[in-house]
Amino acid sequence: MGKSIIEQVEAIITPVITEQGLELVDIEYVKEGAHWYLRIYIDKENGVDIDDCTNVSHLVSEVLDKNDPITQAYMLEVSSPGLERPLKKDEDFERFKGKLVHVLTKEPFQGYQEFTGYLVGLIEDDIVLEYKKEKVVIPRTIVEKANLTFEF
C-alpha cells in the first residue's frame, strides 16, 4: 500500500522548510464543506511571523506543483501552530518539559479521558504528567492528541 497524502507531502516539504531554519510542526489534509484544505503548521524558536508563513507558502506551493502528490484541487494554508501547539514528536515532549499540557486519550485511562498537567517528559514511549500533585504515566498508544495549553 502506498504512502498517505500527508506522508508524501511531509517527505516533499520538510527539506524546504528546514532550509529556511523552520520546523514543520504538523500537516492536516481535510475536507470542509466542498473544499479540501492542506494546512501546514511551522514554528521556530521565537515564533513565526507573517513573512515566514508567506515565504513558506510560496516555496511549498512550488515544490508541491512539481511533485503533484494531490490530484484534486485544494487550498494551501501555512500558519503558526498557535498557543495550543500540538505535541507529536519525541523532541516536542523534551522541548516543552515543565509546560502545561492537555492530553486527550482514545479511551478512558484511570477513569479519565482528559488530563491537564505539567509535562515531566517521556519515559520510554509513555507521556508523564504531573497531574493533581501526582505523576501520571499515560501510554502514548492510547493518546488521541496532546497539546500545549495555557492558564488564565
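Provided above is the structure to which this section pertains.
Keep in mind it's a predicted model, so treat the numbers as computed, not measured. (Residues numbered from 1 in each chain as written. Predicted model: local features only at pLDDT ≥ 70, side-chain atom pairs only at ≥ 80, totals over all residues. Heavy atoms only, no water.)

Quick notes on the pattern of salt bridges
Any two side chains of opposite charge can pair, so long as their charged atoms come close to each other.
Then step 1. With the rule as written, the count across this model stands at 13 salt bridges.
Then step 2. The salt bridge partner of Lys 89 is Glu 23, with a shortest N-O separation of 3.3 Å. In this pair, Lys 89 sits in the loop between β3 (75-79) and α3 (90-95) while Glu 23 sits in strand β1 (residues 23-32), placing the two residues 66 residues apart along the sequence.
Then step 3. Since its relative accessible area comes to 30%, Lys 89 is described here as partly exposed.
Then step 4. Notably, a salt bridge pairs Lys 97 with Glu 94, separated by 3.3 Å at the nearest N-O pair.
Then step 5. A cluster of three or more residues bridged by salt bridges with shared partners is formed by Glu 23, Asp 43, Arg 85, Lys 89, Asp 92 and Arg 95. (Salt bridge = Lys/Arg side-chain N within 4 Å of Asp/Glu carboxyl O. Helix = DSSP H or I, 4+ residues; strand = E, 2+ residues; numbered from the N terminus. Buried < 20%, exposed > 50% of the residue type's maximum accessible area, 1.4 Å probe, protein only.)

Digging into the pairing of β3
Then step 1. As paired strands, strand β2 (residues 35-43) and β3 are joined by 5 bridges and run parallel to one another. Bridge pairing in β3 places Ile 40 opposite Val 78.
Then step 2. For the handedness criterion, the β-α-β arrangement of β2, helix α2 (residues 50-67) and β3 is classed as right-handed. (Pairing = 2+ DSSP bridges. Right-handed = clockwise from strand over helix to strand, strands pointing away.)

Notes on unusual backbone geometry
Then step 1. Of note in the backbone geometry, Asp 68 takes a positive phi value of approximately 50 degrees without being a glycine.
Then step 2. In this structure, Asp 68 sits in the loop between α2 and β3.
Then step 3. For Gln 110, which is not glycine, the phi torsion reads 55 degrees and is therefore positive.
Then step 4. Among the secondary structure elements, Gln 110 is positioned in the loop between β4 (100-109) and β5 (112-123).

A look at the sheet that holds β4
Paired through backbone hydrogen bonds, the strands of a sheet run either parallel or antiparallel to each other.
Then step 1. Taken together, the 5 strands give an open sheet; going across it, the order is β7-β6-β5-β4-β8, and neighbouring strands pair in antiparallel fashion. The two strands at the open ends of the sheet, each matched to only one other strand, are β7 (134-139) and β8 (143-148). The average undirected angle you get between the axes of adjacent strands in this sheet is 40 degrees.
Then step 2. Judged from the 6 bridges that link them, strand β6 (residues 126-131) and β7 form a sheet pairing that is antiparallel. Counted as the bridge partner of Leu 129 is Val 136 from β7. (Axes fitted to C-alpha atoms, helices over the stretch in contact; angles between N-to-C directions.)

Some thoughts on the packing of helix α1 (residues 5-19) against α2
How two helices pack is summed up by the angle between their axes together with the distance between the axes.
Then step 1. Look at α1 against α2: their axes get within 10 Å of each other, and the N-to-C directions meet at 140 degrees. In this view, α1 runs oblique relative to α2, as classed from their interaxial angle. Between α1 and α2 lies a crossing whose hand is right-handed. Across the interface between the two elements, Val 9, Ile 12, Ile 13, Val 16 and Ile 17 from α1 touch Val 56, Leu 59, Val 60, Val 63, Leu 64 and Asn 67 from α2. (Parallel < 35°, antiparallel > 145°, perpendicular 65-115°, else oblique. Left-handed = near helix turned anticlockwise from the far one by under 90°. Contact = heavy atoms within 4.5 Å.)

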